[in-house]
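# Survey of secondary and tertiary structure
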Amino acid sequence: MSKRQKLTVFCLCFLSLTINVFAKDYYAFGKKVKLTPSKKGCIVKFEKIFKLEPILESSESDVAISRIDDRTIYVRNLDDSSQFIEDVKDDQSITSVYPIYTLDDGFELGMTNEILVKFKKNVSENELNALKERLELTAIQKTSFYEILTTPKKNHVLDIVNSLEESGLVDYAHANFLVAVQQQNFIPNDEYFARQFSLHNTGQVINEHAGTADADIDAPEAWGLTTGSEEITVAVIDEGVSLNHPDLPRRRLVVIDGCNFADGNPNDPSPKRDGNHGNACAGLVAAEQNNGIGISGVAPNCKIMPIRIPFGRNIPLSKYVNAIDFAWQNGADVISNSWAFRTTIEIPSISRAINRAINRGRQGKGCVVLFSAGNTANHASNNRGRVLTPANVPGVITVGASDRNDFQANYSPTSRLIDVVAPSHRAYATQIRNESFEVWSIDIPGARGKNPGKTSPHRNEIRPNSGSNPLSYTARFGGTSASCPIVAGVAALILSVDAQLTQRQVFQMITSTADKVKPNENRYINGRSSKVGFGRVNAFAAVQKAMRIDTNVDAVPQEAEISETTVEVQEPYIFSGERLLSILNVLSRDGRFGYSIASDYKLNQKIYGKYYTSPLETAEYLLSQEKVSYRLENVKGRPYLFISAEPSTIDAVAASDSQTRENVAVDVYYGTNRNRLNGGYGNQLSSLDMGVCRVSIPKAHKLGVIERPSIFRFEFRENIDKHFILKSVQPLNDASFINGIRSRTREALIYIHGFNVSFQEGVFTTAQVGWDLGFDGTLIMFSWPSNGRVLNYDSDAKDAKESIDEFVTFLSKIKKEGNFTAINIIAHSMGNRVMTNGFVSLLENDQISQPITNNIILAAPDMNVDTFKNEVLPKFQGASKRVTLYASSNDKALRISRSPIYNNTSRLGLGGASIFVARGIDTIDASNVSTTFSGHSYFSNSKNVIIDMRMILRDKSPQQRRVLHQNYLRKSKQGVIYWAFKN
């Protein structure tokens, strides 16, 4: 009986279901999202609580069944999900059965008959009941934020949710999807992981030697994206891998008859005697993760193909040729080799075997072949070393070693053949006193191997000697032999996210994303150093790049028709390959934008030079608009980036930079506790007042500038074509204010000004920042009674404290009654005291749902660091989906505010060496940006910061874009990653 029949027998009777297994759509805030059914898996929900054991007993081993809850199971490894659904659709014990669906980016969604829905507030109870009755919906859960409804058996759940969306009565409606959530920056619980400085360097001390934080491959960050796939196999050609290791068990190995080319049983790749070298390599590639014991491999979900070769003298060369051919012919994706011949002369038979793996492996996509460079140098004695054969064969990835402090390892050869390095031990004990092996990996279980080993411990050496199976692990590994499998693990992670990549593409991803460590010592020429190659490998950046590439670029026809709406140029702007690579990654807002590497590129734009000072800014603005499309095509053999836009969208570029075609009027809604004056507001405390201002922005407006009359330009009165003008200030009652902000858009940007700001100045800044950000939403300001004078600092501080309650009232009203799907806040200077303490008050009193906002931007915050860290931050967690801090060491205003005159306390907005970092906050050091004399208003007048804020407001992953943007430096402090603008 087949597996489908057995499952059908278990599912006894069934009501008729009309399950459509073709592609479906659902709505996400008005936009259609395509869902494609998978043939391999289904979600089955039963009418009643069931026991899983009878199902497991009735299914064959190749059908995997796992319990989701007491009524739902996940059935995997099916031949055809549509046939399975057809087989069981008449079983009355089942409530729903649906295939697994995938989004365009590969993310998988399961579903049952449950719907997650939020009805609009203005929908009456009678309308709701009538709708539910017509669609036969049953409520099973209701909260103040959503309802969960079940659909009838006869209808597809996606047809029902689309009917709800199209009714206009819901804020959102979609299936109660079953999703996979993974931790970001994942730190596993493996017993010795804290010793694995190559993967995660926190500055930890190994054998009395301290490392440098972040001198690692960023493995935890990469694991937030993938831990590898069991579909990817790494061949380790070495002196054998144990078949019974607790941290690399038999089920993780691909053992194929004939894999032993050394002595003994030809089908058994186990190491002999104390030969642990192959084990140590394999453990670094793919040891089990998060199992509470031992270590973690770089790609812990990938598989290992052990291939044993002999080490020693007088061995036939054919054994090594056969081993390499065996790997690629038996399905290896990556081939890791930490061995060499003690010569630099090329050996033709070995080179040809490697070429076959690179060109014919993986069904023509090519195996990724890596070799350790060798440990031939002794830089302490001025011996540069040499790269040994076969690491010098063209096409292989030649791996050198860096140390725990990001310097070239003492034994790693200096050569232009080095492609990348990975962290290993610093030096051999015979080279530098008190140095020794310090890379932790797996060992032959039991007394054999390197632990305890036959040599005495090195001075202050710490070895695995406690916990679970300590003799199954070793701390005595290192050299380029350790670096090579680390990079092999990175290659496996890359292929895990895109198995269609070619060998050459993987090579380019690894080398182009490597960190350029120690540039003064390593002297990179054209991006490459003879000491460390392209740099220290970065697993996180490489995997990110793999998730973005479009491998079908070359499939575009060589000749391309350019439509009338394509944005063209008279004089194309030419970029270097590296420059455009950075641009294309920055522009890949949706993660699917592709690129192809070539000698040069052309960015075709009609509007470059007319409105923007650089093509990048033009492209960034255009691609942020919904009516813009873009594509990369081969035109006469060269990749072109085409940006297509409607004329109205192109004209709208004027809104964000150097010159607008017409003056523009912008509405700024406000809340203030200033005293009302005729035509405006003063600087005295009062009750909360609300209203709307209209601001005219001149056609001569430039990014980052609030143009006002200046006597230095002989301007004595306002000119609507040259200056910001406050055209009206209109107070509104509560109802009119709420109706006004509701009639606008679904997204709001709230600005809270700082010290020494008048009401009018706050309105102008709100309009300018919103306009320069290209923010297509409702602009709102909260203005507290700053005196607008530099000498009133203490008075302003008191007024800021007195304004917290009014801000809480104002924000609560916007959140509860504004009907916004997204609220973003920018607080500047002392305004951060008002904002942060207001949020703490809201969260402590549970007055409002969390998170309150989508984005909070702390711009040059004039707050005591210790107060924020100890009193605000612990209560501030959960206030927003994302919190970003901008700080600068050149902020003269904050330097003054921390002086003895003002209690001599450090400020949160100061950058440089004292910059504040914390998990959950994106910190940006803006010390290098150009700004005004005081250096305090860079958030509104620095082009770099404005572009960064655009990314924050428009992008779901600004961190990833900063990684790929050439304008940032990625830094670490206290184990926390932060960012700094370059000079």
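Source: prediction; values computed, not measured. Numbers given for residues are sequential positions, taken from 1 along each chain in its written order. Residues qualify for local features only when their pLDDT is at least 70, as the model is predicted, and side-chain atom pairs are given and counted only at 80 or more; totals for whole chains, interfaces and linings, by contrast, use all residues. Just so you know, side-chain values use all the structure's heavy atoms and leave hydrogens and water out.

Moving on, we get to the packing of aromatic side chains. Here is the rule: rings of Phe, Tyr and Trp (six-membered ring for Trp) pair when centre to centre is within 6.5 Å. Planes less than 30 degrees apart are stacked, more than 60 are edge-to-face, and the remainder are tilted. A full pass over the atoms with the stated rule returns 21 aromatic pairs. Consider the rings of Tyr-670 and Tyr-681, whose centres lie 5.4 Å apart with planes at 70°: the pair is edge-to-face. One end of the pair, Tyr-670, is in strand E25 (residues 664–677); the other, Tyr-681, is in strand E26 (residues 680–697), and eleven residues separate them in sequence. The exposure classification of Tyr-670 matches that of Tyr-681, with both residues buried. Seen in terms of ring centroids, Phe-737 and Phe-810 are 5.7 Å apart; in terms of plane orientation they differ by 50°. Their pairing is tilted. Taken together, the residues Phe-737 in helix H17 (residues 734–742) and Phe-810 in helix H20 (residues 804–817) connect sequence positions 73 residues apart. Across this residue pair, the class does not change: Phe-737 and Phe-810 are buried. Aromatic ring contacts, followed pair by pair, group Tyr-669, Phe-737, Phe-782, Phe-807, Phe-810 and Phe-839 into a single cluster. Its guanidinium or amino end placed over the ring of Phe-407, Lys-518 lies 4.4 Å from that ring's centre, counting from NZ or CZ. Here a helix means four or more residues in a row that DSSP labels H or I, a strand means two or more in a row labelled E, and each is numbered from the N terminus. Think of it in three bands: residues with accessible area under 20% of the maximum for their type are buried, residues over 50% are exposed, and the middle band is partly exposed, with areas taken using a 1.4 Å probe on protein chains only. Geometrically, a charge over a ring is one whose NZ (Lys) or CZ (Arg) sits within 6 Å of the ring centre while staying within 35 degrees of the ring normal.

Next up on the list: the side chain of Asn-675. Summarising the element assignment, Asn-675 is placed in strand E25. Throughout this description, a polar contact denotes any pair of N or O atoms lying within 3.5 Å of each other; where both atoms belong to protein, one of them has to be capable of donating a hydrogen while the other can accept it, and for residues adjacent in sequence the pair is counted only when both atoms sit in side chains. Within the local environment of Asn-675, its side chain forms a polar contact with the backbone nitrogen of Asn-683, the two atoms lying 3.2 Å apart.

Moving on, we get to the side chain of Gln-204. When you line up the elements, Gln-204 lands in the loop between strand E10 (170–175) and strand E11 (205–206). Within the local environment of Gln-204, its side chain forms a polar contact with the backbone oxygen of Ala-194, the two atoms lying 2.9 Å apart. Within the structure, Gln-204 has its side chain in polar contact with the backbone nitrogen of Thr-202 (distance 2.7 Å). Among residues more than four places away in sequence, those in contact with Gln-204 are Ala-194, Arg-195, Gln-196, Phe-197, His-209, Ala-210 and Gly-211. What makes two residues a contact is simply this: any of their non-hydrogen atoms within 4.5 Å.

With that out of the way, let us pick up the pattern of salt bridges. The term salt bridge refers to a side-chain nitrogen of Lys or Arg lying within 4 Å of a carboxyl oxygen of Asp or Glu. Considering all chains together, one arrives at 23 salt bridges under this definition. A salt bridge links Arg-252 to Glu-288; the shortest N-O distance between them is 2.7 Å. Residue Arg-252 is found in the loop between strand E13 (233–238) and helix H7 (277–286), and its partner Glu-288 is found in the loop between H7 and strand E14 (303–308); the two are separated by 36 residues along the sequence. Each of the two residues, Arg-252 as well as Glu-288, counts as buried. The salt bridge involving Asp-515 is made with Arg-536; its shortest N-O contact spans 2.6 Å. In this pair, Asp-515 sits in the loop between helix H11 (503–512) and helix H12 (519–522) while Arg-536 sits in the loop between H12 and helix H13 (539–548), placing the two residues 21 residues apart along the sequence. Classification of Arg-536 by relative accessible area gives buried; the value is 4%.

Another aspect to go through is the confidence of the model for the chain. Of all residues in the chain, 78% have pLDDT values of 70 or greater, and the mean over the chain is 79. Here residues 1–21 is a poorly scored stretch, pLDDT under 50, and it has 75 contacts once near neighbours within four places are set aside; other chains count. A score between 0 and 100, pLDDT records how confident the predictor is in each residue. Confidence drops under a pLDDT of 50 for residues 549–661, and excluding neighbours within four residues, the segment shows 247 contacts in the predicted structure.

Okay, the sheet that holds strand E15 (residues 334–337) next. Reading across from one edge, E14-E13-E15-E16-E17-E18 is the order of the six strands in this open sheet, with parallel pairing throughout. In the strand order of this sheet, the two ends are held by E14 and strand E18 (420–423), each with one partner. Averaged over all adjacent pairs, the angle separating strand axes in this sheet is 30°, with direction ignored. With four bridges joining them, E13 and E15 adopt parallel strand pairing. Residue pairing across strands places Val-236 opposite Ser-336, the latter belonging to E15. Throughout, an axis means a line fitted to C-alpha atoms (over the contacting stretch in the case of helices), and angles, computed between N-to-C directions, take values from 0 to 180 degrees. Strand contacts of H7: E13 and E14, with the helix running at about 160° to E13, the strand carrying the most contacts. By definition, two strands form a pair when at least two bridges between them are found by DSSP.

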